[in-house]
Amino acid sequence: MWLPPEEVPLRSALRLWVTQRSSGHFVLQRRRGHGAGGRLTGRLVGALDAVLDSSARVAPFRILFQVPGSQVCSQIASGATLEEAERHWAWLEQNLLPSLAVFDSADDLASFVTGKVKALIAEETSSRLAEQEEEPEKFREAWVKFASRFNFPEAEKLVTYYSCCCWKGRVPRQGWLYLSANHLCFYSFLLGRELKLVIPWVDIQKLEKTSNSFLTAAVRVSTPGKERDFAMFLDLEEALRVMEQLADVTLRRLLDNEGFDPDPLLQEPSQITKRDLEARAQSELFRAVFRLPRPERLHAVRDCSLWTPFSRRHTAGRLFTSDRYVCFTSTEEGCCRVIIPLREVLSIEKMEDTGLLPSPVLISVRGQMAFQFIELKDRDVLVEALLGQLRRVQASRPTQPSASRAHDRPRGEEEKMRLWRDHLGEHGRTVCMFRTDTTRRLVATGLPRSLRGRLWLLFSGAMTDLASHPGYYGRLVQESLGRCCLATEEIERDLHRSLPEHPAFQTERGIAALRRVLTAYAHRNPRIGYCQSMNILASVLLLYAPEEDAFWLLVAVCERMLPDYFDHRVLGAQVDQSVFEELLRERLPELAERLPSALASLSLSWFLTLFLSAMPLGSAVRVLDCFFFDGIAAVLQLGLAVLAANARALSSSRDDGQALTLLSRFLDHIQSEDSPGLPADSHHAFLSDDQEPPQVTDIGDLIRDSYEKFGPQSVEQIERMRCRHRIRVLQGHEGTAKQNVLRVVGPEVSFPPDDLEELYDLFKREHMLSCYWEQPRPGPARHDPSRPYAEQYRIDSRQFARLFQLVSPWTCGAHTGILAERTFRLLDDSTDHLIAFRAFAACLDTMYNGEMNEKIKLLYRLHIPPALTEDDQDSQSPLKNPLLSTSRPLVFGKPNDDASDYQKQLKQMIKDLAKEKAKSETELPQMSQREFIQFCKTLYSMFHEDPEENDLYQAIATVTTLLLQIGEVGQRGSSGSCSPDSGAGPGASAPPPERDSVFADTDTAPDTAPAPRAFPQEAEGDWTVSFEHILASLLTEQSLVNFFEKPLDVKSKLENAKVNQYSLRTSEMNSQLLPELQPDSDLVG
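Residues numbered from 1 in each chain as written. Predicted model: local features only at pLDDT ≥ 70, side-chain atom pairs only at ≥ 80, totals over all residues. Heavy atoms only, no water.

As annotated in an unreviewed UniProt entry, the protein carries the name TBC1 domain family member 8 and comes from Pipistrellus kuhlii.

Take a look at the structure:
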């Protein structure tokens, strides 16, 4: 066991101890008197140790740490046996010793080793307590430290923690790795320096085990542009496994939660625990091994032995129980596997316990079969649980027994039928049959045509679904008849493309059956609906199985055997294609280096159609036989066999096109006994007349090679690889979406590409933060991968307000939240209370890079409906309007005392603006006085704490006074020109700006003009001012022009936002320091 470092004098250490091993800084010693041999001194020491009580005895083995040049050692570990001490010694050699060479200072080295050993002790203690208690005190202490060190909200659930080192260059930093529901965090405080790392799981692109010149093993965490290595774990494999599970859960919850039956654990991140992760991983592996429906949850696992009549002995293995199944798999891989649906069970009995049959249990099933299990621990508890589950299954719904259908037997199948008749007689004829290596070999030789459909049902588990849902398919067909949607339109388009050369689909009867199967499935699972390649698969299923059986086979393939294959992104197929590439690098490394990059697109079609579109139908059906028995492993190993058979030709191919042509020709000429002859003109299209056709390959030989050279693949290995590659594939989709967003939005804004990318990352992170710590809100989805790239991520008003505060240059103190609310309303063109990145970027682009007239126009729109009101809706975009987009603001000198010149200048400017306005296709509504006051209030708030604050306040006061005068003159002119019969209402527009009366009063008596009232109550609706008036007035003040024309630094804002985004959200959730937007009928969906 590891011990707190305690100093031991080196001289006294040599009197009672014998050095067994020495390696640099560490010494493994054995106490004299223990072990073989020994002189008188050793015998005396051994006798003394023997007579001491247990509390005073000394462990016979220990490990010392010695700093070079020092006469004092520190004991860091002890062991009761040599094996225990050697286990600690091996850990030091593999993890700690290689990294000590980087330290130049002896004090630094000693501090590092001492800290590492203390961390190992703490981790061992927490692991032992975690086994005894659901949430031990040590774990709660670690959670408190985690929360205080990283300042996360309480909703951020800590899952587990490890002692480890983070490498920065060649220097390790000892610390603690915290794994929470949404983040990977590392904290270190060493030699007075603090290090904090926070990595969201959604940013992790790759998790892998690696090594370098200093370390034998480390976990490498790859994020965009960075790689970090974590090493010196007490159990590296466990840490890596938990990291992969957490990354997989989080990415699927946030980026791809589109499954037919989503895992409840994915929806409640605050409830995730390490134990739950392990249970989920075991359940997923259990379902994958036995190909069970997704809702099945693993209840118990017991070591036992099962009587196997075909071998006449008890076979050791493990028993698994779930909601509706009892399953068994032998300890020896592939020896025996049994799946017992509880609906097939007649009785579960405890037999008499004897010396030959310890703790036996007998399970009787339909078909006159019985399974005898022995050596079951906690037999009584297990049987009671199984009986309770059996009662629930039998009472849940009526079922019908699995009926075997009779088929005509074609000639030429007699030998296959004889073999299968004998095999089924020994191993069982129902879904509860024994599945062994012998069964696999028979499947590889090809299923009899008359049994193929029924055996597909047995191997896939579809027979249990069929028997458990009597009448379900018929109801689906009736409900889906006559319905028209996108899925049915796509089905109709592809019906006549499904095996058009086969006679069965050249008649309306075959087409109608295919239509019913596809339409019924689209109605059952609208999330998948219909995807291309489903028509080809369903067509082949209908050739060998009745219509209802074909439907349930399609269900088994789409929802269990090929998860996530049939959606608009075909993620599952891409994951398996990535797994295939990794297996190719492992099994055929030389060929992998020479293969063309275009192979990925070709091999992807192999997985999507299970080779049905890549080779002749008779051969592809043989592939389906193996697929229904061994799952995706059969397709993976067959793909490797195809490449191995063409390795020499592929290695010598000149280019990608030649290599792909060669593979296509090879697959086209794969022959089977179901299609023995190939037409004479079946050469590949790229063959010239003088080229010889390729040699015909027998599918049986190819399948045999695939099993002998590349299989069978372990289900556990494939599932682990799928988990790892799913992270990469999902992140690849996110990267593609990001690049497309930048490509679409980039030309529309003036931000540099790097700044636009940073802005997109902030926008996406704001969405993710809400997913981390907030409950999902009703309304449209905020992340929808089916939408256009620039609209896949959308944010609501609260998220927008936080981003506005972080990155907007128009910060107005306490007024910022109000301005953000108005900006959100203005950008919400669709009135669904969500905005996409495109609108967000365009708005910020105007604030940072727009001309002065564009900025004033945006401010103007923020103070008129719909931004300022609730009822009116805006159909125009507030950005990039051609009005005044080519007119540069005028630059004035300091105003002189000649008011007449000043007013003439303003008069001429208004005339010019009126001409520009006449050319424009759109016209902004005029602003009322109350709206104008809000406009001025915003400007005053924007000028606060500006270096030119006093000049700006004076300038805006001058402009405000002038505009209030213009509005009042327009009000008087409007009321004076309206006759009772004119029909002009109180909202009549102001006179055109060409009127000289605008300046009449100030021309005659500039010093005696009456002071305007800020909120005239008697006729507020008549007081209006136009955008042109406001813009022209603002242009007359040089300080205002300089304010709106000065360059703004977006980089510093983005850097500051990147640092403060988390803290802002945490402060809001924990302390409510940031005032939230008031509820509004326009903003609440």
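Back to the write-up after that little detour.
**Q** Give a description of the overall build of the protein that names residues and reports values.
**A** Within the protein one finds 39 helices and 25 strands. The buried share of the protein, reckoned over its 1085 residues, is 53%. The long-range fraction of contacts in the protein, counting pairs at least 24 apart against all pairs at least 6 apart in sequence, stands at 68%. (Helix = DSSP H or I, 4+ residues; strand = E, 2+ residues; numbered from the N terminus. Buried < 20%, exposed > 50% of the residue type's maximum accessible area, 1.4 Å probe, protein only. Contact = heavy atoms within 4.5 Å.)

**Q** Outline the nonpolar core, listing residues and values.
**A** Counting 136 residues, the largest nonpolar core has Phe-371, Phe-459, Met-534, Phe-551, Phe-566, Phe-628 and Leu-643 as the members making the most contacts within it. Both domain 3 (276–394) and domain 4 (462–676 + 695–726) contribute no fewer than three residues apiece to this core. Excluding residues within four positions of it along the chain, Phe-551 makes contact with Tyr-472, Tyr-473, Leu-476, Val-517, Ala-520, Tyr-521 and Arg-524. Ranked by size, the runner-up nonpolar core spans 129 residues in total, among them Ala-119, Trp-201, Ala-820 and Leu-963. (Core = buried A, V, L, I, M, F, W, Y, C linked by side-chain atoms within 4.5 Å. Domains from an automatic or database assignment.)

**Q** How would you sum up helix α38 (residues 1038–1045)? Please name residues and give values.
**A** Of all the positions in α38, only Leu-1040, Val-1041, Phe-1043 and Phe-1044 are classed as buried. Viewed end-on, α38 has its buried residues packed into an arc of 160 degrees, placing them on one side of the element. (Arc of directions from axis to C-beta.)

**Q** Give a description of the pairing of strand β13 (residues 300–308) that names residues and reports values.
**A** Two elements, β13 and strand β14 (residues 313–321), share nine bridges in a ladder whose sense is antiparallel. Bridged to Leu-306 within β14 is Thr-315. Once β13 ends, the chain turns through four residues before running back antiparallel as β14, passing Arg-312 with a positive phi of about 55 degrees. Bridge count between β13 and strand β19 (residues 369–374): two bridges; the pairing is antiparallel. When the bridges of β19 are listed, Ser-305 appears paired with Ile-374. (Pairing = 2+ DSSP bridges.)

**Q** Tell me about the sheet that holds strand β16 (residues 337–341), residues and numbers included.
**A** Within the open sheet, the seven strands sit side by side as β16-β15-β14-β13-β19-β18-β17. Their pairing is antiparallel. Edge strands, defined here as strands with exactly one partner in the open sheet, are β16 and β17 (345–350). Strand-to-strand twist in this sheet, taken as the mean axis angle between neighbours without regard to direction, amounts to 30 degrees. Examined bridge by bridge, β17 and strand β18 (residues 361–365) share five bridges and lie antiparallel to one another. Residue Glu-349 lies in a different strand from β18, and its bridge partner there is Leu-362. (Axes fitted to C-alpha atoms, helices over the stretch in contact; angles between N-to-C directions.)

**Q** Lay out the packing of helix α14 (residues 472–480) against helix α16 (residues 508–524) in plain terms, naming residues and giving numbers.
**A** Relative orientation of the contacting elements α14 and α16 amounts to 90 degrees, with a least axis distance of 9 Å. On the basis of their axis angle, the class for α14 and α16 is roughly perpendicular. Taken together, the residues of α16 that come into contact with α14 (itself represented by Tyr-472, Tyr-473, Leu-476, Val-477, Glu-479 and Ser-480) are Arg-516, Val-517, Thr-519, Ala-520, His-523 and Arg-524. Residue classes in the contact of α14 with α16 are distributed as six nonpolar, three polar and three charged. (Parallel < 35°, antiparallel > 145°, perpendicular 65-115°, else oblique. Nonpolar A, V, L, I, M, F, W, Y, C, P; charged D, E, K, R; others polar.)

**Q** Tell me what's going on with the side chain of Glu-582, and back it up with residues and numbers.
**A** Mapping Glu-582 onto the fold places it in helix α19 (residues 571–587). Apart from residues lying up to four places away in sequence, Glu-582 is in contact with Met-721, Arg-724 and His-725.

**Q** So, the packing of aromatic side chains: which residues are in play, and what are the values?
**A** Here the structure, examined in full by the defined rule, presents 48 aromatic pairs. Judged by centre distance (5.7 Å) and plane angle (55 degrees), the ring pair of Phe-186 and Phe-230 falls under tilted. Here Phe-186, found in strand β8 (residues 183–190), pairs with Phe-230, found in strand β12 (residues 226–231); they are 44 residues apart in sequence, far enough to count as distant. Plain terms: the ring middles of Phe-763 and Phe-840 are 5.4 Å apart, the flat faces sit at 40 degrees to each other, and that makes the pair tilted. One end of the pair, Phe-763, is in helix α28 (residues 753–773); the other, Phe-840, is in helix α31 (residues 837–849), with 77 residues separating them in the sequence. (Phe/Tyr/Trp six-rings, centres within 6.5 Å; stacked < 30°, edge-to-face > 60°.)

**Q** Could you give an account of the pattern of salt bridges, with specific residues and numbers?
**A** Taken as a whole and judged by the stated rule, the model has 45 salt bridges. With a closest N to O distance of 3.7 Å, Glu-284 and Arg-252 form a salt bridge. Of this pair, Glu-284 sits in helix α8 (residues 274–290) while Arg-252 sits in helix α6 (residues 236–255), placing them 32 residues apart in sequence. Judged by its relative accessible area of 9%, Arg-252 falls in the buried class. Here Glu-284 falls in the partly exposed class, since its relative accessible area comes to 22%. (Salt bridge = Lys/Arg side-chain N within 4 Å of Asp/Glu carboxyl O.)

**Q** Which residues make up the environment of Tyr-848, and what values do they have?
**A** Among the secondary structure elements, Tyr-848 is positioned in helix α31. Placed 201 residues apart in sequence, Tyr-848 and Asp-1049 show a C-alpha to C-alpha distance of 8.0 Å. Apart from residues lying up to four places away in sequence, Tyr-848 is in contact with Phe-751, Val-807, Ser-808, Pro-809, Lys-855, Leu-1048, Asp-1049, Val-1050 and Lys-1053.

**Q** I'd love a proper account of unusual backbone geometry, names of residues and values included.
**A** Residue Pro-866 follows Pro-865 across a cis peptide bond; omega there is 5 degrees. Secondary-structure assignment places Pro-866 in the loop between α32 (852–861) and α33 (899–919). Positive phi, close to 55 degrees, is recorded for Arg-312, a residue that is not glycine. Secondary-structure assignment places Arg-312 in the loop between β13 and β14.

**Q** Lay out the confidence of the model for the protein with the relevant residues and their values.
**A** Close reading of the predicted structure is inappropriate where its pLDDT is low. Summing up the model confidence of the protein, the mean pLDDT is 80 and the portion of residues at 70 or higher is 79%. This stretch, residues 871–896, has a pLDDT under 50; its non-local contacts, to residues over four places away or in other chains, come to 61 contacts. Scored below 50 in pLDDT, residues 977–1021 shows 43 contacts in the model against residues more than four places distant or in partner chains. (pLDDT = per-residue confidence, 0-100.)

**Q** Can you tell me about the sheet that holds β12, naming the residues and giving the values?
**A** A sheet is described by the order of its strands in space; here seven strands give the open sequence β9-β8-β7-β6-β12-β11-β10, paired in antiparallel fashion. Across the chains shown, the open sheet's two edge strands, defined by having one partner strand only, are β9 (193–200) and β10 (206–210). The mean angle between the axes of side-by-side strands here comes to 30 degrees, regardless of whether they run parallel or antiparallel. As paired elements, strand β11 (residues 218–223) and β12 share six bridges and run antiparallel to each other. Among the inter-strand pairings, Arg-220 is bridged to a residue of β12, identified as Asp-229.

**Q** Talk me through the pairing of strand β2 (residues 17–23); I want residue IDs and the actual numbers.
**A** Bridge analysis of β2 against strand β3 (residues 26–31) gives six bridges, and the strand direction is antiparallel. Bridging across to β3, Thr-19 finds its partner in Gln-29. The loop that links β2 with its antiparallel partner β3 comprises two residues; one of these, Gly-24, has a positive phi angle of about 65 degrees.

**Q** If you had to explain the packing of helix α27 (residues 715–745) against α31 to someone new, which residues and values would you point to?
**A** Interhelical geometry of α27 versus α31 gives an angle of 45 degrees and a closest axis separation of 11 Å. Classed by the angle they form, the pair α27 and α31 counts as oblique. The crossing of α27 and α31 is right-handed. Note on element contacts: α31 touches α27 through Phe-837, Arg-838 and Ala-841, opposite Val-741, Val-744 and Val-745. Class assignment for the residues of the contact of α27 with α31 results in five nonpolar, no polar and one charged. (Left-handed = near helix turned anticlockwise from the far one by under 90°.)

**Q** I'd like to hear about helix α11 (residues 437–444), residue by residue, with values.
**A** For α11, the set of buried residues is Thr-439, Arg-440, Leu-442, Val-443 and Ala-444. Buried residues along α11 sit against α10 (414–427), α12 (449–460), α22 (617–630) and α26 (699–710). Two to three positions downstream of the cap, the backbone nitrogen of Thr-438 sits 3.3 Å from a side-chain oxygen, assigning the N-cap of α11 to Thr-436. One or two positions beyond α11, positive phi appears at Gly-446, with a value near 105 degrees. (Polar contact = N/O pair within 3.5 Å; in protein donor to acceptor, adjacent residues only side chain to side chain.)

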